[in-house]
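# Close look at the chain arrangement
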Amino acid sequence: MMKFDSTKTPLRDLLQDIRKGTIQLPDFQRGWVWDDDHIRDLLVSLARSFPIGAVMLLETGGEVRFQTRPVEGIEPADLEEEDPESLILDGQQRLTTLTQVLQLKTPVQTHNGRGKKMKLFYYWNIEKALQPGADLLDAIVAVDERRQQYGQFHRDVTLDLSTRERECLAMHFPCNAMFDAMAWMVDLSKLN
């Protein structure tokens, strides 16, 4: 007997289940393809509490068994569970993006609109985000895998967020600290 269920699972729980491996992808799903612009747009929608669409999961078990794989960015060796309890049928691009940006401590391996590959960490510029009438898209900052931004011709470092102290002094909150914000806030109060 098939049963459909519509539940409201907190985002944090979904992303933790993806990271543990209890939620994975069926192998027939295409790979993750979102570029930097899509990632930024999704973060703004999330920050504004806009609906970001439904997610459809398929409970595993039963007669039909699919080959599975973790979402991009999660290594099979890092999974706590080999056999998933659910498979992502719809919402893969959004869930993969949010897992990589909000949960993982490694850079997001994405690309720009011209297809150039990039490894980025995402931050919120707190001062810009809190300005009245701020365009939150302008408050999202992406830095390279060394957590730095460069000026023209890649010569001068214009923003260095390579340490917690530098993040706090620059008032840039790392997106991958979203679910552990208190530790960052304690450091911010000490340093800034």
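So, here is what we can say about the structure in this document. (Residues numbered from 1 in each chain as written. Predicted model: local features only at pLDDT ≥ 70, side-chain atom pairs only at ≥ 80, totals over all residues. Heavy atoms only, no water.)

### Overview of helix α2 (residues 36–47)
The end-to-end C-alpha distance of α2, which contains 12 residues, comes to 17 Å, matching closely the 16 Å that a straight helix rising 1.5 Å per residue would cover. If you check which residues of α2 are buried, you get Asp36, Ile39, Arg40, Leu42, Leu43 and Val44. Looking at the buried positions of α2, the neighbouring elements they touch are α3 (92–102), β5 (108–111), β6 (117–125), α5 (136–139) and β7 (140–143). Looking at the residues trailing α2, positive phi occurs at Ser49, about 60 degrees. (Helix = DSSP H or I, 4+ residues; strand = E, 2+ residues; numbered from the N terminus. Expected span 1.5 Å × (residues − 1). Buried < 20%, exposed > 50% of the residue type's maximum accessible area, 1.4 Å probe, protein only. Contact = heavy atoms within 4.5 Å.)

### Describing the nonpolar core
Ranked by internal contacts, the top residues of the largest apolar core, which has 37 residues, are Ile18, Leu43, Val101, Tyr122 and Trp124. If you list the elements that add at least two residues to this core, you get α1 (11–20), β1 (23–26), α2, α3, β6, α5, β7 and α7 (181–191). Once residues within four sequence positions are removed from consideration, Trp124 is found in contact with Leu43, Val44, Ala47, Ala129, Leu136, Ala139, Ile140, Met171, His172, Phe173, Cys175 and Met178. Core analysis: the next-biggest nonpolar cluster, separate from the first, contains 6 residues, Phe121, Val143, Leu159 and Leu161 among them. (Core = buried A, V, L, I, M, F, W, Y, C linked by side-chain atoms within 4.5 Å.)

### Description of the pairing of β1
Examined bridge by bridge, β1 and strand β4 (residues 86–90) share 2 bridges and lie parallel to one another. Within the sheet, the bridge partner assigned to Ile23 lies in β4 and is Ser86. (Pairing = 2+ DSSP bridges.)

### Details of the pairing of strand β9 (residues 157–160)
Where strand β8 (residues 148–150) and β9 come together, 3 bridges link them in antiparallel fashion. Paired with Gln149 across the two strands is Leu159, which belongs to β9. Counting the residues in the hairpin turn of β8 and β9 gives 6 residues, including Phe153, whose phi is positive at 65 degrees.

### Let's talk about the sheet that holds β1
Sheet architecture is open: 4 strands sit in the order β2-β4-β1-β3, paired in mixed fashion. Unpaired on one side and paired on the other, β2 (56–59) and β3 (68–69) mark the two borders of the sheet. Bridging between β1 and β3 involves 2 bridges; their strand directions are antiparallel. Counterpart to Leu25 in the pairing with β3 is Arg69.

Purely geometric stuff here, so don't read any function into it on its own.
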